[in-house]
Amino acid sequence: RPIEIEVYYPSLPHPDTSPEIHRQHMLFPYQEVESNFGSVLSKWLDGYRQLEPAFNLYFAATTAKHAYLETQFLFLVQGLEALHRRMVGSENGKVHLRKRLADLLAPLAKHFENDKKNEALINDVVKTRNYLTHYDPALESQSKAGVDLCGLCTKLEVLFELQLLRQVGFSDDQIDRIVNGNYRTKEKLKDKI
């Protein structure tokens, strides 16, 4: 006859120890918001209510270290799609991923590469997302994998972070200072992390 047993196992997303937080891992220093901290915090809280689904996907992609790289990529792409939709609304009808990425990248393009490489980035994201969504063998050769997929994830992560800064009211000058002064962000943009 069946017996009842209790099973205990470690939960990967919830470690026993708190993570160490280092200054160099922060997206921006406090000095960037010191003079308008209340405004930035209010915009974050208001924006979070509106953009929560996008943020949830971003946090799932960036904190789930045990997830597959393909899952991380899909979370980031879906998060950026949700971010764009929540930012511009749904009155524009059906907007394709390519257009959403171009819209999100346009105000931040100078921090990535030149126009030709930014278009290649968008193409790579769209083709890889299409393959990982449909697993059509005809699309596999156009899809990125391994180190190249990791590079795409890194660029999407930075795109999301810089868009987040824009949403909470950071000026272009502040974003320039953050990109130039944050080692991790610079390295992500160079595909070094």
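In every chain, residue numbers begin from 1 and rise along the written sequence. Residues qualify for local features only when their pLDDT is at least 70, as the model is predicted, and side-chain atom pairs are given and counted only at 80 or more; totals for whole chains, interfaces and linings, by contrast, use all residues. Computation of side-chain values covers all heavy atoms of the structure but excludes hydrogens and water.

Any chance you could break down the layout of surface pockets for me, citing the residues and the numbers?
Gaps left between atoms are located by rolling a probe of water-molecule size over the structure's atoms. A pocket, in this scheme, is an open set of points on a 1 Å grid over the protein atoms alone with protein on both sides within 12 Å along at least 5 of 7 lines, while a cavity is a set where a 1.4 Å probe fits but cannot get out; residues line either one if an atom lies within 4 Å of a point. Grid points are joined across faces, edges and corners, and a volume is the space filled by probe spheres set on the points. Considered as a void within the structure, the largest pocket measures approximately 1,500 Å³ in volume. Looking at the lining of the largest pocket, the elements with two or more residues in it are helix H1 (37-63), helix H2 (69-88), helix H5 (146-167), helix H6 (172-181) and helix H7 (183-189). Looking at which element gives the most residues to the lining of the largest pocket, the answer is H1, with eight residues. When its residues are assigned to classes, the lining of the largest pocket shows 25 nonpolar, 12 polar and eight charged. In this model, the second largest pocket occupies a volume close to 310 Å³. In terms of lining residues, the second largest pocket is bounded by 16 residues, among which Asp148, Gly151, Leu152, Lys155 and Asp191 are the most central. By the criteria applied, helices consist of DSSP H or I runs no shorter than four residues and strands consist of E runs no shorter than two, each listed in order from the N terminus. Only helix H4 (115-134) and H5 provide two or more residues apiece to the lining of the second largest pocket. In terms of residue count, H5 provides more of the lining of the second largest pocket than any other element does, seven residues in total. Gly falls in the polar group here, along with every residue not listed as nonpolar (Ala, Val, Leu, Ile, Met, Phe, Trp, Tyr, Cys, Pro) or charged (Asp, Glu, Lys, Arg). When its residues are assigned to classes, the lining of the second largest pocket shows six nonpolar, three polar and seven charged.

Lay out the nonpolar core with the relevant residues and their values.
In these notes, a set of buried Ala, Val, Leu, Ile, Met, Phe, Trp, Tyr and Cys residues joined through side-chain atoms within 4.5 Å is what counts as a nonpolar core. A simple rule labels every residue: compare its accessible area, found with a 1.4 Å probe on the protein chains alone, to the largest value its type can have, and call it buried under 20%, exposed over 50%, or partly exposed in between. The biggest cluster of nonpolar side chains holds 42 residues, and the ones touching the most others in it are Phe73 and Phe112. When residues of this core are traced back to their parent elements, those giving at least two are H1, H2, helix H3 (97-105), H4, H5 and H6. For this core, the element with the highest residue contribution is H5, accounting for 10 residues. Contact definition: two residues touch when any of their heavy atoms are within 4.5 Å. Residue contacts for Phe73: discarding those within four places in its chain leaves Val125, Thr128, Arg129, Leu132, Leu149, Leu152, Cys153 and Leu156.

Describe empty space enclosed by the protein, and please don't skip the residues or the numbers.
The tally for this structure, following the rule as stated, stands at two cavities of 30 Å³ or more. Its boundaries defined by the atoms lining it, the largest cavity holds a volume of some 50 Å³. Its residues assigned to classes, the lining of the largest cavity shows seven nonpolar, no polar and one charged. Roughly 30 Å³ of internal volume is contained in the second largest cavity. In terms of residue class, the lining of the second largest cavity is built from three nonpolar, one polar and three charged.

Just give me the short version of the pattern of salt bridges, but keep the residues and values in it.
Side chains that differ in charge, positive against negative, can pair when their charged atoms come close. In what follows, salt bridge is the name for a side-chain nitrogen of Lys or Arg lying within 4 Å of a carboxyl oxygen of Asp or Glu. One pass over the full model with this rule turns up 11 salt bridges. Linking Lys110 and Asp176 is a salt bridge whose minimum nitrogen-to-oxygen distance equals 3.1 Å. Placement of Lys110 in the loop between H3 and H4 and of Asp176 in helix H6 is noted, with a sequence separation of 66 residues between them. Of the charged contacts, one joins Glu113 and Lys155 as a salt bridge, the two residues approaching to 3.8 Å between their closest N and O atoms. Of the two residues, Glu113 sits in the loop between H3 and H4 while Lys155 sits in helix H5, which places them 42 residues apart along the sequence. Classification of Glu113 by relative accessible area gives partly exposed; the value is 34%. Here the salt bridges share partners, and the residues they tie into one network are Glu113, Lys117 and Lys155.

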